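# Observations on the three-dimensional arrangement
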Amino acid sequence: MADVLLGQAYYLRFDPKLWEAQQPYAPLGTLYAASYLRERGHTPALFDAMLADSVAEWSEAIARTKPRFTAIYEDSFNYLSKMCLLRMRQAALEMIDRSRQAGVPIVVSGSDATDHPEIYLRRGATAVILGEGEITLADLADRLHDGQPIDDVPGIAYLDDACGVRRSAARSFIKSLDELPFPAWDLVDIDRYRRIWHARRGFYSMNLATTRGCPYHCNWCAKPIYGQRYAVRSTQAVADEIAWLRQNFAPDHLWIVDDVFGLKPGWVEEFAAIVGGQGQPLPFRCLMRADQVTTGIARALAASGCTMLWMGAESGSQKVLDAMEKGLRVDDIRVASRLLKAAGIEVGFFLQFGYPGETWDDIEATLQLTRELEPSDIGVSVSYPLPGTRFYERVQQELGPKQNWIDSNDLSTMYKAKYAPEVYRGVHGLVHHEFRARKSAHALADLLDSPWRARPRHLRRVASWIYNRAALAVKRRRVLNLLGEPS
């Protein structure tokens, strides 16, 4: 038996694009909650929706573990959970229904629940945790275990006797992240994750967090859990966790999930010195701002094991970056890319189209920047208004009944963007076809320099280049036709 059955409502199977990619990461935030519950004397069990086939497995987990209460505790380190996708909200509401049918109280924690607690409370949740949740969840577990009232537990929303939504006093943030125990990885089916990764990528990657939050003010970025707060773990604590992961779970690679890695002055250099002293660093990828990257930072990243760094480039147009209040210059992106490549680190760009005021010239500037800098990978999206952002406030009056994407590949603008949704979907495809064609062309050029190295995979590269070049021409013509421009 378990005191608490923890789950999350991001089902990889319900997100077709990400299910096809088959690069799953266990719910790190949920594992932190589980380890903290243990420290407080409770016995947690885990339902891992990431690899589940359906919500029916939640009912099976309840029957198997017989918990005193259940908790949908979303992984706040997973940007897909932060996106508040409608399909995942529906899954969470069905999980509430199934807990109630089993006669088990349920608590909910996550970005969407923090933004819209009434939706979850009126469906039957006993409480919704607002913001950072480990301590609040443990306090609720104490109260629910002893059958005591919960209305004075800080950091929650609940229904009063008249069915009105009430909020308790705000919960203070955790002051020292180093005091948290390591995530409860023993609850995860590591072998299943490892098999999936090896089948698709040939290595196994695990996730790790060194910070919480982001102090910057990009006006489209939602921060319902941590707000503008930025908290960082010590370099020694992170190095100790990496050593612990290597010893107990043997990952080949890490995805450091921070919104902004290594922002504290001197942190990256100190981290490089510590992990370098422990032997061969474990390869990792992370996310940083372009204006953080200096020659010294790039070298320290490489020395600490960073093999790929993602940047929120967003746009090649300075006008658009300024409108987003990004606080970056386009030249920052250029300089960072060159410094990272010189240090042997691959670069990934997150790109965003459709921000209010963006014109076709701005879109072309983004395409040109991508051609110029040739990132190793790209992630392409459309501007998505989420509650709590200045962007949302700006377009709120333009929103219709649909205010959430169904899944991560929805790409609906939902507000009055410059162009029709079909244009942005076309641009999404155009960028990807151009990127893949360019990568195939580089691989084929290398082959021409060393033809004796030809293998069957090079035939696939030829086919990829032909396909993507043809698809690119078709896609560009369609987009220009939609715009009324000559093709």
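One structure accompanies this document, and this report is about it. (Residues numbered from 1 in each chain as written. Predicted model: local features only at pLDDT ≥ 70, side-chain atom pairs only at ≥ 80, totals over all residues. Heavy atoms only, no water.)

## A word on the nonpolar core
Among the nonpolar cores identified, the biggest contains 160 residues, and Tyr11, Leu137, Trp185, Phe261 and Leu301 are the most heavily contacted of them. Broken down by element, this core gets its largest block of residues, 7 residues, from helix H2 (residues 28–39). When residues no more than four places from it in sequence are discounted, the contact partners of Trp185 are Ala26, Leu28, Leu31, Ile190, Met206, Asn207, Trp244, Leu245 and Phe249. (Core = buried A, V, L, I, M, F, W, Y, C linked by side-chain atoms within 4.5 Å. Buried < 20%, exposed > 50% of the residue type's maximum accessible area, 1.4 Å probe, protein only. Helix = DSSP H or I, 4+ residues; strand = E, 2+ residues; numbered from the N terminus. Contact = heavy atoms within 4.5 Å.)

## Some remarks on helix H11 (residues 267–276)
Listed in full, the buried residues belonging to H11 are Trp267, Val268, Phe271, Ala272, Ile274 and Val275. Where the residues of H11 are buried, they touch strand E10 (230–232), helix H10 (235–249), strand E12 (284–287) and helix H12 (295–304).

## Examining the environment of Leu144
Within the element layout of this structure, Leu144 appears in helix H8 (residues 134–146). Put simply, Leu144 and Glu434 are 290 residues apart on the chain and 55 Å apart in space, counted from C-alpha to C-alpha. The contacts of Leu144, once residues within four sequence positions are left out, are Phe69, Val107, Thr126 and Ile150.

## Focus on the state of the cysteines
Enumeration according to the criterion identifies 0 disulfides in this entry. With no disulfide of its own, Cys214 has Cys221 as its nearest cysteine by sulfur position, at a separation of 6.1 Å. With no disulfide of its own, Cys286 has Cys306 as its nearest cysteine by sulfur position, at a separation of 4.1 Å. (Disulfide = S-S within 2.5 Å.)

## As for the sheet that holds strand E2 (residues 44–47)
Neighbouring strands of a sheet are bound in pairs by backbone hydrogen bonds; such pairs are parallel or else antiparallel. Taking strand neighbours across the sheet as the criterion, the 7 strands line up as E2-E1-E3-E4-E5-E6-E7 in an open arrangement whose pairing is mixed. The two strands at the open ends of the sheet, each matched to only one other strand, are E2 and strand E7 (165–167). Along the sheet, successive strands turn relative to each other by an average axial angle of 25 degrees, direction set aside. Bridge count for strand E4 (residues 106–109) against strand E5 (residues 127–129) is 3 bridges, and the pairing is parallel. Looking at the pairing, Val107 lines up with Ala127 of E5. Lying on the sheet, helix H3 (residues 56–65) is in contact with strand E1 (4–7), E2, strand E3 (69–73) and E4; it crosses E1 at an angle near 160 degrees. Taken strand by strand, H8 contacts E1, E3, E4, E5 and strand E6 (156–159), and its axis lies near 165 degrees from that of E3. (Pairing = 2+ DSSP bridges. Axes fitted to C-alpha atoms, helices over the stretch in contact; angles between N-to-C directions.)

## Regarding the packing of H11 against H12
Look at H11 against H12: their axes get within 8 Å of each other, and the N-to-C directions meet at 30 degrees. The angle between the axes of H11 and H12 places the two elements in the roughly parallel class. The handedness of the crossing between H11 and H12 comes out as left-handed. Residues Val268, Glu269, Phe271, Ala272 and Val275 of H11 form the contact with H12, whose participating residues are Ile297, Ala300, Leu301, Ala303 and Ser304. For the contact of H11 with H12, the class distribution of residues is 8 nonpolar, 1 polar and 1 charged. (Parallel < 35°, antiparallel > 145°, perpendicular 65-115°, else oblique. Left-handed = near helix turned anticlockwise from the far one by under 90°. Nonpolar A, V, L, I, M, F, W, Y, C, P; charged D, E, K, R; others polar.)

## Notes on the sheet that holds strand E11 (residues 253–256)
Pairing is parallel in the open sheet, where 6 strands are placed in the order E8-E11-E12-E13-E14-E15. The sheet is open, and its two borders are formed by strand E8 (205–208) and strand E15 (377–382), each paired with just one other strand. Across this sheet, the average inter-strand angle for adjacent strands is 20 degrees, counted without regard to direction. Here E11 runs beside E12; their pairing, made up of 2 bridges, is parallel. Bridge pairing in E12 places Leu254 opposite Phe284.

## A short note on the packing of aromatic side chains
Ring pairs (aromatic) are described by centroid distance and by the angle formed between their planes. Throughout the structure, instances matching the rule amount to 18 aromatic pairs. Aromatic side chains Trp244 and Phe249 sit 5.5 Å apart centroid to centroid with 80 degrees between the ring planes, which places their arrangement in the edge-to-face category. Taking relative accessible area as the criterion, Trp244 reaches 25% and is therefore assigned partly exposed. For Arg87, the ring lying beneath its charged end belongs to Phe14, and the centroid distance is 3.8 Å. A cation over an aromatic ring shows up here: Arg289 above the ring of Tyr216, its NZ or CZ 3.8 Å from the ring centre. (Phe/Tyr/Trp six-rings, centres within 6.5 Å; stacked < 30°, edge-to-face > 60°. Lys NZ or Arg CZ within 6 Å of the ring centre and 35° of its normal.)

## With respect to the pairing of strand E13 (residues 306–314)
Summarising burial for E13: 8 of the 9 residues are buried, a large majority. Bridge count for E12 against E13 is 4 bridges, and the pairing is parallel. Bridging from a neighbouring strand, Phe284 pairs with Cys306 of E13. With 5 bridges connecting them, E13 and strand E14 (residues 346–353) associate as parallel partners. Bridged to Met311 within E14 is Phe349.

## Notes on the pattern of salt bridges
Under the defined criterion, the tally for this structure stands at 26 salt bridges. Across the salt bridge formed by Arg171 and Asp139, the nearest N and O atoms sit 2.8 Å from each other. Separated by 32 residues along the polypeptide, Arg171 in the loop between E7 and helix H9 (190–200) and Asp139 in helix H8 bring together distant segments of the chain. Owing to a relative accessible area of 22%, Arg171 belongs among the partly exposed residues under this scheme. A single salt-bridge network, built from bridges that share partners, covers Arg40, Asp139, Asp142 and Arg171. (Salt bridge = Lys/Arg side-chain N within 4 Å of Asp/Glu carboxyl O.)

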